[in-house]
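Residue-level structure breakdown
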Amino acid sequence: MNFLNELYHRLEALEIKEQEAIQKQHLKGKLTARERLHILFDEGSFFEIGAFVEPILEEAKKKSQQYGDGVIIGRGLIHGRSVFAYAQDFTVLGGSLGEAHGRKIAYIQEMALQLGSPIIGLIDSGGARIQEGIRSLAAYARIFRNNVRSSGIIPQISVILGPAAGGAVYSPALTDFIFMVDKTSYMFLTGPEVIKEVLNEDISKEELGGGIIHTLKSGVAHFLYDDEEHALLGVRKLLTYLPSNNFEPSPISKSIEYYEARQEFLDKIIPEDSNKSYDVKDIINIIADKDSFFEIQPNYASNLVVGFARLNGKTIGIVANQPKVMAGVLDIKASHKGARFVRFCDSFNIPLLVLEDVPGFLPGIDQEYNGVIREGAKLLYAFCEATVPKVTVILRKAYGGAYVVMSSKNTGGDFNFAWPTAEIAVMGPEGAVKIIHKKEIESSDNPEQVKKKLIEKYKTEIAIPFLGESLGLIDEVIVPSKTRSILITAFEILNNKHISLPKRKHGNIPL
Ligand code: HXC
């Protein structure tokens with residue numbers, strides 16, 4: 001046998017397979033696995049591993065031109081840094097996961113973990129390969145276990161580029177970030193046919209688990225893009241903020257620009273009437289390095305804004321109440337979103353900046369029945385647990401439990417600064433006055449006027465930042481336009497923060 005000819009024959013089979021895949025995928029408005037990898041990685045840097053692994057199933061051999069079993073695995077460079085990836089090929093039995101397919105994914109996951117580099121999964125799959133029964137279930141189990149073992153050690157990113165059905169949803173759900181593409185990607189445990197059969201309900205794939213549903217309603221996914229190319233470029237961008245693993249620092253940007261002239265704007269950005277709103281993202285964009293803010297889950301629980309930015313070239317994670325949406329109140333979804341983000345940052349040593357303007361937790365039967373206590377505690381737990389540098393700036397409202405939760409001094413916030421507009425107290429003026437001056441108001445001839453006076457007194461004597469400052473609970477009341485430079489110094493001071501915690505297996509966050 002001429003082995004060189006055999007090798008050429010195999011390489012030719014891969015090429016034939018790719019040509020077939022191009023025809024099928026493009027018809028569906030999708031790219032092939034190889035085309036996706038080409039966009040994801042720096043030009044020519046992808047190094048495939050295990051291209052000639054043979055499928056177990058005869059049918060899969062035919063569909064994949066004998067080799068590969070419907071998944072490509074390998075390593076490439078993104079902005080010059082090593083990253084591992086796997087890309088499923090829908091044209092081989094719907095990208096379903098058989099034994100060999102699963103073994104390949106597990107192998108690349110294990111390699112990424114061992115070598116301390118991020119891993120990206122490009123998912124386009126009908127889930128466990130039905131014909132391979134328990135073999136495919138077991139293969140999934142190994143992948144899930146690898147996801148969990150890698151959690152908090154290397155960044156794990158999933159990009160949904162077609163269906164992610166059945167077992168195919170769980171691995172992404174165990175990773176740190178999920179990207180989706182509008183109209184061509186969807187995630188669900190069981191598809192519309194089963195729903196029709198079991199519940200007699202009609203629903204389309206899009207309505208059940210499309211990108212809009214998961215980025216707006218369920219919060220399962222973090223990013224939604226109009227097409228595959230932009231989604232993959234989004235992944236490249238996200239990685240510029242992240243370290244390769246939990247022992248390495250995040251990349252530092254050398255070109256530092258910021259909106260110098262706009263700093264003054266911060267001195268008058270908070271409206272005189274404290275019931276009026278403003279957009280906290282304007283503040284973020286002024287404080288952070290120019291155009292560096294990269295928002296996560298922008299359409300889910302937008303009463304809390306979370307995302308990465310750079311401050312003086314270095315990555316920080318920002319958690320900010322958004323007064324523009326539901327007055328910035330904390331509810332179930334926002335607490336959950338915030339907690340997960342804080343824990344990600346803490347796992348990967350990314351310092352946290354909290355911008356606070358929160359009237360409290362959202363009251364209500366619906367919130368109580370659905371566990372706002374547990375979800376609020378989740379955010380509280382996440383902040384208390386985080387040992388990365390934590391700096392809070394109280395922009396305006398900081399009331400009650402929400403003040404405590406948003407990385408207040410006694411939960412371990414390293415620096416708590418306040419703008420002169422800060423209102424810090426157990427509750428807002430109207431509610432507080434009604435409780436502590438009930439008799440006085442009720443017995444007066446002019447209750448409205450008395451109430452008004454008492455509210456004013458409360459605002460100027462109790463709900464003020466200087467009280468916290470005198471108690472050491474606010475480190476400094478700062479001039480808003482100096483915030484950027486103060487934060488740069490604060491994070492510089494905290495650069496070497498190191499906290500040793502008592503030994504334990506793991507905490508028990510209220511999940
Ligand atoms: C084997 C599969 C498959 C699967 C799809 N195919 N899913 N083969 N196992 N799980 C095959 C089809 O037979 C077909 O083969 C080809 O892939 C393309 O599928 P179509 O249905 O023609 O494509 P489309 O209309 O785009 O629909 C895609 C789909 C649908 C939504 C993914 O195929 C589907 O609903 N599949 C089943 C999804 C599912 O219920 N998976 C759950 C498995 S259980 P041909 O030969 O015609 O090209 C599971 C549990 C794991 O995953 C639990 C772990 C915790």
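Before any of the text, the structure's been laid out above.
None of these values were measured; they are calculated from a predicted model. (Residues numbered from 1 in each chain as written. Predicted model: local features only at pLDDT ≥ 70, side-chain atom pairs only at ≥ 80, totals over all residues. Heavy atoms only, no water.)

1. Considerations on the overall build of the protein
Summing up its helical and strand segments, the protein has 20 helices and 16 strands in all. In terms of overall dimensions, the protein is globule-like: its C-alpha atoms have a radius of gyration of 26 Å, near the 24 Å expected for 511 residues. C-alpha extents for the protein along the principal axes are approximately 100 × 55 × 45 Å. The proportion of buried residues among the 511 residues of the protein is 54%. Once local pairs closer than 6 in sequence are excluded, the contacts in the protein between residues at least 24 apart make up 73%. If the 58 positive side-chain charges of the protein are averaged to one point and the 63 negative ones to another, these points end up 3 Å apart. (Helix = DSSP H or I, 4+ residues; strand = E, 2+ residues; numbered from the N terminus. Rg over C-alpha atoms; globule rule 2.2 N^0.38 Å. Buried < 20%, exposed > 50% of the residue type's maximum accessible area, 1.4 Å probe, protein only. Contact = heavy atoms within 4.5 Å. Lys, Arg positive; Asp, Glu negative; His and termini not counted. Charge placed at Lys NZ, Arg CZ, Asp CG, Glu CD.)

2. A few points about the site of the ligand
Within the structure, the ligand sits among 19 residues, and Lys63, Gly94, Gly126, Ala128 and Gly167 are positioned closest to it. Between the ligand and the protein, one listed contact pairs a nitrogen atom with a backbone N or O atom of Ile130 at 3.1 Å. Here Gly167 contributes a backbone N or O atom positioned 2.6 Å from an oxygen atom of the ligand. Look at the ligand: alone it shows 1,000 Å² of surface, and the protein chains cover 59% of it. At the level of elements, α5 (133-150) and β5 (156-165) are the ones that each hand at least two residues to the shell around the ligand. Considered class by class, the residues forming the shell around the ligand number 9 nonpolar, 7 polar and 3 charged. (Near = heavy atom within 4 Å. Polar contact = N/O pair within 3.5 Å; in protein donor to acceptor, adjacent residues only side chain to side chain. Areas by Shrake-Rupley, 256 points an atom, 1.4 Å probe, with all protein chains shown as cover. Nonpolar A, V, L, I, M, F, W, Y, C, P; charged D, E, K, R; others polar.)

3. A few points about the packing of aromatic side chains
Applying the stated criterion across every chain yields a total of 17 aromatic pairs. Here Phe179 and Phe223 contribute two aromatic rings whose centre-to-centre distance is 4.4 Å and whose plane-to-plane angle is 25°, an arrangement assigned as stacked. Taken together, the positions of Phe179 in strand β6 (residues 177-181) and Phe223 in strand β8 (residues 223-225) put the pair 44 residues apart, joining distant regions of the chain. Grouping residues by exposure puts Phe179 and Phe223 together as buried. (Phe/Tyr/Trp six-rings, centres within 6.5 Å; stacked < 30°, edge-to-face > 60°.)

4. Points about the pattern of salt bridges
Scanning the entire structure with this criterion turns up 28 salt bridges. Measuring nitrogen to oxygen at the nearest pair gives 2.8 Å for the salt bridge that ties Glu48 to Arg34. Of this pair, Glu48 sits in strand β1 (residues 47-49) while Arg34 is found in helix α2 (residues 33-40), placing the two residues 14 residues apart along the sequence. For Glu48, a relative accessible area of 22% gives the class partly exposed. Several salt bridges converge on common partners, so that one network encompasses Lys30, Arg36, Asp124 and Glu228. (Salt bridge = Lys/Arg side-chain N within 4 Å of Asp/Glu carboxyl O.)

5. A closer look at the nonpolar core
In this structure, Ile120, Val159, Phe177 and Phe308 are the most contacted members of the largest nonpolar core, which totals 54 residues. Ranked by the residues each element gives to this core, the list is headed by helix α12 (residues 332-347), at 6 residues. When sequence neighbours within four positions are dropped, the list of residues in contact with Phe177 reads Gln156, Ile157, Ser158, His222, Phe223, Leu238, Leu242, Ile296, Phe308 and Phe344. Counting 31 residues, the second largest nonpolar core, distinct from the first, contains Ile270, Phe293, Leu311 and Ile478. (Core = buried A, V, L, I, M, F, W, Y, C linked by side-chain atoms within 4.5 Å.)

6. Some details on unusual backbone geometry
Even without being a glycine, Ala301 presents a positive backbone phi close to 45°. Assignment of secondary structure puts Ala301 in the loop between β9 (294-296) and β10 (304-311). At Asn349, a residue that is not glycine, the phi angle is positive and equals roughly 55°. Position of Asn349 relative to the elements: it lies in the loop between α12 and β12 (352-358). Taking relative accessible area as the criterion, Asn349 reaches 45% and is therefore assigned partly exposed.

7. Some points on α2
Turning to α2, its buried residues number three or more, namely Ala33, Glu35, Arg36, Leu37 and Leu40. Residues of α2 that are buried make contact with α1 (3-27), β2 (71-78), β3 (81-88), β4 (119-125), β5 and α10 (228-239).

8. Considerations on the environment of Gln23
Here Gln23 lies in helix α1. By relative accessible area, which is 60% here, Gln23 ends up exposed. A C-alpha to C-alpha distance of 9.8 Å links Gln23 and Thr91, two positions 68 residues apart in sequence.

9. Section: the pairing of β6
Across the 5 residues that make up β6, a large majority, 5, are buried. Both faces of β6 are covered, namely the face carrying Phe177, Phe179 and Val181 and the face carrying Ile178 and Met180. The sheet contact formed by β5 and β6 spans 4 bridges and is parallel. Its bridge partner lying in β6, Ile157 is registered against Phe177. Sheet topology note: the β6/β8 ladder contains 3 bridges and is parallel. (Pairing = 2+ DSSP bridges.)

10. A short note on the packing of α1 against α2
Here α1 crosses α2 at 90°, and the two axes come no closer than 8 Å. With respect to their mutual orientation, α1 and α2 come out roughly perpendicular. Every residue of α2 that contacts α1 at Leu14, Glu18, Ile22, Gln25 and His26 is listed here: Arg34, Glu35 and Arg36. A class-by-class count of the residues in the contact of α1 with α2 yields 2 nonpolar, 2 polar and 4 charged. (Axes fitted to C-alpha atoms, helices over the stretch in contact; angles between N-to-C directions. Parallel < 35°, antiparallel > 145°, perpendicular 65-115°, else oblique.)

11. Some details on a nonpolar patch on the surface
Together, Leu4, Leu7, Tyr8 and Leu11 line one region of the surface with nonpolar side chains, adding up to about 390 Å² of accessible area. In this fold, Leu7 is placed in helix α1. (Patch = residues over 30% accessible without salt bridge, like charges linked within 9 Å, V, L, I, M, F, W, Y side chains within 5 Å.)

12. A word on the side chain of Asn245
Locating Asn245 in the fold gives a position in the loop between α10 and α11 (280-287). Setting aside its immediate chain neighbours within four residues, Asn245 contacts Gly116, Ile153, Ile154, Pro155 and Phe348.

13. Things to note about the pairing of strand β14 (residues 415-418)
Side chains Phe415 and Phe417 of β14 all project onto a buried face; the interleaved residues Asn416 and Ala418 project onto the opposite face, where all are buried too. Pairing of strand β13 (residues 390-399) with β14, which is carried by 4 bridges, proceeds in the parallel orientation. Directly across from Val391, in β14, lies its bridge partner Phe415. At this point the chain moves from β13, through helix α15 (residues 400-405), to the parallel β14, and the crossover so formed is right-handed. Alignment of β14 against strand β16 (residues 476-477), held across 2 bridges, turns out to be parallel. If you follow Ala418 over to β16, its bridge partner there is Val477. (Right-handed = clockwise from strand over helix to strand, strands pointing away.)

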